[in-house]
Structures are given as C-alpha cells and as structure tokens.
Amino acid sequence: MTRDVWDREPGDARVPALRAVGLSRVYGADESLVSAVDGVDLDVPAGQTLAVTGPSGCGKSTLLQLFGGLDRPTDGEVWLGGQRIDHLGERALARLRRRAVGFVFQAYHLMHELTAAQNIELPALLAGASPRTARVRAAELLRQVGLTERARHLPSELSGGQRQRIAIARALVNKPLVVLADEPTGNLDSAATLDILRLFDELSAAGQTLVMVTHDERVAATADRIVSLRDGTLADDTSLDGNRNGGDTGLGALLSWED
Amino acid sequence: MQDVVLALLVKEPSHGYDLRSRLAAALGPLGETLNAGQIYVTLTRLEKAGLVVLEREDVPVRGPRRKVYALTATGQKRVAAWMAEGAGVRADVTEFHLKLVAAAESGLADPLALVDARRRELMNGLAETQRAALTHDTDSQAGLLLEGIALRLQADLRWLEACRRTWSARAAREEGGGLG
C-alpha cells in the first residue's frame with residue numbers, strides 16, 4: 001500500500017491528535033439529569049488507533065460526538081491537534097469539522113441519489129476543492145478501497161461492506177487529522193468486517209489517527225489501545241502493544257496439542 | 001479441582017461434607033454431577049502430597065465422623081501461587097468461575113482484580129487471533145479456524161463483563177452490610 005494516497009499533513013508529534021480534559025455531557029434538566037459523559041480525561045497521540053468499548057448506553061457515542069464537534073460538552077475541553085474546539089462558534093466549528101475530522105457511521109449515511117464517486121467528492125467540494133481536484137482524489141481513494149469499478153454505482157447497488165468502504169473513502173477525502181468511527185462494522189457480517197479492519201490497519205500503518213466506538217470485542221482487539229467506558233467514565237485503559245510491534249504471536253497458547 | 005479445595009481451606013480447616021456442599025453451591029446444577037466420593041479422593045491425594053493434614057476427627061452426636069483437614073505451609077504456598085497465575089486463554093468458564101469463588105472465600109485475591117487480569121489476558125489472545133485473521137484469506141481453512149477461535153474468545157470476554165457486574169454488586173452489598 002502506497003503512502004501517498006493516505007497521506008496527511010504531518011502534524012506535530014508532540015501534540016496529541018485529540019485531547020479531552022474533564023469532559024462531561026449532561027442531558028435533560030432539573031430532576032431528570034442524565035450524565036452521559038462524566039469527567040473524561042483522555043489523550044490520543046497522533047497515529048494511534050483507539051477503540052472505545054462499553055455496554056450500550058455507557059456514553060461512548062456521545063463521547064465520539066463530543067470529540068468530533070457534533071455535540072458540545074456541558075463541561076470540560078476538547079482539543080483537536082492542539083486547537084481547542086469546544087468553545088468555537090457554529091461556523092468555525094463546521095469549517096474545522098470538514099477539514100480535521102472524518103466521520104464513519106454504522107449506517108454509512110451515504111447520499112442515496114449520488115454515485116459512489118460523487119459521495120466521496122462531496123466533502124472535498126464543500127471544503128473548497130476544485131471539481132477536478134475532488135475527482136482525482138476520489139478516484140485515488142476508490143482505488144485504495146478496491147472499488148474503482150463501482151465508481152458510478154448508487155449506494156443501493158452496493159453491498160453493506162462496499163457502502164462502508166465508500167463511507168471510509170469519503171471520511172478520508174479531506175485528509176483529516178482524526179477519523180472517528182461509530183460502530184463501523186455494526187451492520188456487517190464477519191467477512192465484510194474483516195475487510196473494513198484490514199482497511200483500518202492500512203490507515204493505521206500510514207499514520208492515520210483513528211478512534212472507533214465498538215461493542216464488538218473482535219473489532220476492539222485490532223486497535224493499539226482500548227478504553228472502556230462505564231456510566232460515562234473511563235473504567236479501563238489497555239494497550240495492545242503486540243498490534244503495533246507486529247508482536248510475537250502467542251497463538252500457540254490457543255492450541256492444545258496432545259498425542 | 002485440587003487448587004479449589006485448597007482455597008476453601010484457607011480461612012479455616014474443614015471436612016469433606018462441608019467442602020462438597022460449598023462446591024455444590026458454587027456449581028449449581030453442574031455440582032449435581034460431582035461424584036459423592038470425589039471430594040474424599042481429592043482430600044486423600046492432597047494429604048499424600050503433603051498439602052493438607054488431618055487435624056482432628058469430629059464425632060457428632062448423630063451422623064458419621066468427620067475428618068477435619070487443615071492446610072499445610074506447602075498447601076498455603078501452592079494455593080497462593082495458583083491464585084496469582086493467569087488461568088491461560090484456554091481455561092474454560094467453570095474453571096475460572098471456581099477461581100473467582102475460591103478467591104472470595106479464601107480472601108487471597110480480589111475477584112474483580114482477577115476479572116480485570118483475565119480480561120487483559122483474553123484481549124491479548126483475541127488481538128493475536130485477529131492479527132492473524134487480517135493476514136489470512138477469510139475463506140481459507142486458516143481463516144475459518146481463526147474465526148472460530150475469535151468467536152470463542154469474544155464469548156468469554158462477554159461473560160467476563162457479567163462476572164464483573166455480579167462480583168462488583170456483591171462487593172458493594174458486603175461493604176454496605178459491614179457498615180450496618
């Protein structure tokens with residue numbers, strides 16, 4: 001896999017790609033207050049793949065929305081690549097989202113009336129790229145996700161796994177600082193899930209920072225690091241160093257060999 | 001089973017009948033498959049190995065005599081080592097369940113700490129499995145085997161979540177009870 005297509009502007013390695021400080025989000029009012037995220041402190045170094053896991057309703061989707069500026073915290077700070085984003089105005093935030101964040105959703109959220117290629121081009125055009133630049137970039141990404149021959153297909157003509165690959169290409173079109181994925185394989189079978197995970201693995205090898213929310217342990221196990229969220233607070237923080245170092249496989253421990 | 005029996009003797013010496021009913025309580029319907037004589041065979045073996053010692057023989061007013069066994073220093077050491085070591089990724093559900101019960105009954109380890117350690121152990125096993133799965137064709141024989149292993153590890157990890165819930169609720173209850 002060539003690096004040029006995935007390539008992003010090299011960030012300052014000393015600044016975390018993403019930082020949350022005392023992050024909280026409370027819904028409701030008065031007696032019916034619900035604390036979805038409650039005092040989360042987290043640094044995601046540039047280039048890290050982080051999985052956020054936890055039972056449903058633990059606040060993991062809310063956390064992802066706060067990270068990406070889709071929702072605003074009740075308290076605390078969110079920093080993207082050294083810039084504080086939680087107190088930006090709507091327009092500045094929208095501009096920053098387009099440039100710095102790539103979103104991937106469980107239900108793909110592709111535009112039904114646009115072709116695969118047009119779906120990928122759209123955020124580039126919105127960010128001010130020329131039609132030609134957007135077209136070239138989309139073609140590159142289509143090749144990288146292995147769907148060049150599906151460029152002119154509508155989403156309804158694609159399988160779930162193919163739609164998600166298009167959605168990932170779209171998330172990457174503006175070379176974002178971070179990709180935020182919410183249950184990216186939630187609608188996919190095992191084979192399509194592995195395809196998506198292989199794609200994420202390539203992104204990770206190219207230095208892309210990736211935060212994914214998942215309740216699937218098999219997906220989380222491919223990350224560099226897993227944090228568990230329980231009742232809105234971080235309950236566990238585990239590094240899977242083997243994934244980064246190509247570690248020595250301990251698969252032998254899984255096999256009992258008896259004569 | 002030997003290690004579990006040793007753990008049940010940590011707090012105080014006991015006899016086969018008591019050990020058997022405590023095991024049966026922890027095992028529920030699976031305990032019914034425990035052979036009635038099994039516990040006595042295990043105790044005899046542990047005694048031969050010098051891990052337990054016959055402390056006394058209780059003679060109740062009614063019913064049979066009861067041989068009361070106590071841990072030896074070697075037995076103490078062995079059960080502490082068992083408690084400290086990981087169960088191994090292939091350990092089954094019953095084995096780890098009994099370890100949690102043994103940890104709580106002996107006070108040798110915090111069940112929740114064991115759950116966290118096991119979660120890390122299984123997660124690393126799953127990471128290795130998935131790393132291999134990503135480099136193999138999903139439709140190959142290797143891919144099929146790796147999928148099976150990954151699904152089993154995932155099931156174990158999900159059950160561990162249930163363990164964590166139940167044991168932390170129990171810990172909270174006992175803390176509250178201790179104050180009251």
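Bear in mind the structure is a predicted one, so any value in this text is a computation, not a measurement. (Residues numbered from 1 in each chain as written. Chains lettered and ligands numbered in written order. Predicted model: local features only at pLDDT ≥ 70, side-chain atom pairs only at ≥ 80, totals over all residues.)

**Topic: the overall build of chain B**
What counts is decided by this rule: Strands are runs of DSSP state E lasting at least two residues, helices are runs of H or I lasting at least four, and both sets are numbered from the N terminus onward. The atom set for the radius of gyration is the C-alpha atoms, and the globule formula is 2.2 Å times the number of residues raised to the power 0.38.
What chain B contains, in helices and strands, is 7 helices and 3 strands. For chain B, the N- to C-terminal ordering of α and β elements is α-β-α-α-β-β-α-α-α-α. A globule of 180 residues ought to have a C-alpha radius of gyration of about 16 Å, yet chain B, at 20 Å, is considerably larger. For chain B, the spread of C-alpha atoms along the principal axes amounts to about 70 × 45 × 30 Å.

**As for the pairing of strand 4 (residues 75-80) of chain A**
All names here are of chain A. As a reminder of what qualifies: At least two DSSP bridges between two strands are required for those strands to pair.
The sheet contact formed by strand 1 (residues 18-27) and strand 4 spans 5 bridges and is antiparallel. Residue pairing across strands places Ser24 opposite Asp75, the latter belonging to strand 4. Two strands pair when backbone bridges link them, and strand 4 and strand 5 (residues 83-84) are joined in this way by 2 bridges, in the antiparallel orientation. The residue bridging Leu80 from the neighbouring strand is Gln83, located in strand 5. Linking strand 4 to strand 5, which pair antiparallel, is a turn of 2 residues; within it Gly81 sits at a positive phi near 50 degrees.

**Quick word on helix 5 (residues 93-106) of chain B**
Note: α-helices contain 3.6 residues per turn, so residues at a spacing of three or four share the same orientation. Residue and element names in this part refer to chain B. Our working definition: To estimate the expected span of a helix, count its residues, drop one, and scale the result by 1.5 Å. Put simply, a residue is buried when 20 or more other C-beta atoms lie within 10 Å of its own C-beta and exposed when 12 or fewer do; between those, it is partly exposed, and each C-beta is set from the backbone.
For helix 5, with 14 residues, the first-to-last C-alpha span of 20 Å sits near the 20 Å given by 1.5 Å per residue. Among the residues of helix 5, those classed as buried are Phe96, Lys99, Leu100, Val101, Ala102, Ala103 and Ala104. A positive backbone phi angle near 70 degrees is found at Gly107, which sits one or two residues after helix 5.

**Some details on the domain arrangement of chain B**
Selection rule: Segment limits for the domains were obtained from an automatic or database-derived domain assignment.
The domain boundaries assigned to chain B delineate domain 1 (1-88) and domain 2 (110-180). Once you take the C-alpha centre of each, domain 1 of chain B and domain 2 of chain B turn out to be 29 Å apart.

**Let's talk about unusual backbone geometry**
All names here are of chain A. In this model, Tyr108 sits at a positive phi of 70 degrees, which is unusual for a non-glycine residue. Following the sequence through the fold, Tyr108 ends up in the loop between strand 6 (101-104) and helix 4 (116-126). Although it is not a glycine, Lys175 sits at a positive phi angle of roughly 50 degrees. By the secondary structure assignment, Lys175 is in the loop between helix 6 (160-172) and strand 7 (178-182).

**Focus on the interface of chain B and chain A**
Spelled out, the test is: Residue pairs qualify as contacts under a 7 Å threshold applied to their C-beta atoms, which are placed from the backbone. Under the scheme applied here, ten amino acids are nonpolar (Ala, Val, Leu, Ile, Met, Phe, Trp, Tyr, Cys and Pro), four are charged (Asp, Glu, Lys and Arg), and all others, including Gly, are polar.
In this assembly, 23 residues from chain B lie in contact with 22 residues from chain A. Among the secondary structure elements, those contributing two or more residues to the side of chain B that touches chain A are helix 6 (111-134) and helix 7 (141-179) of chain B. Here the residues of the side of chain B that touches chain A are counted per class, giving 10 nonpolar, 7 polar and 6 charged.

**Some details on the nonpolar core**
What counts here: A set of buried residues drawn from Ala, Val, Leu, Ile, Met, Phe, Trp, Tyr and Cys, joined through C-beta atoms within 7 Å, is what defines a nonpolar core.
Counting residues in each nonpolar core, the largest one holds 102 residues, and the members touching the most others are Ile120, Leu142, Ala169, Val178, Leu180 and Val211 of chain A. In terms of residue count, helix 6 of chain B provides more of this core than any other element does, 7 residues in total. Counting contributing residues per domain, this core is built from domain 1 (1-88) and domain 2 (110-180) of chain B, each supplying no fewer than three. Once residues within four sequence positions are removed from consideration, Val178 of chain A is found in contact with Ala17, Leu18, Leu80, Val101, Thr209 and Val211 of chain A.

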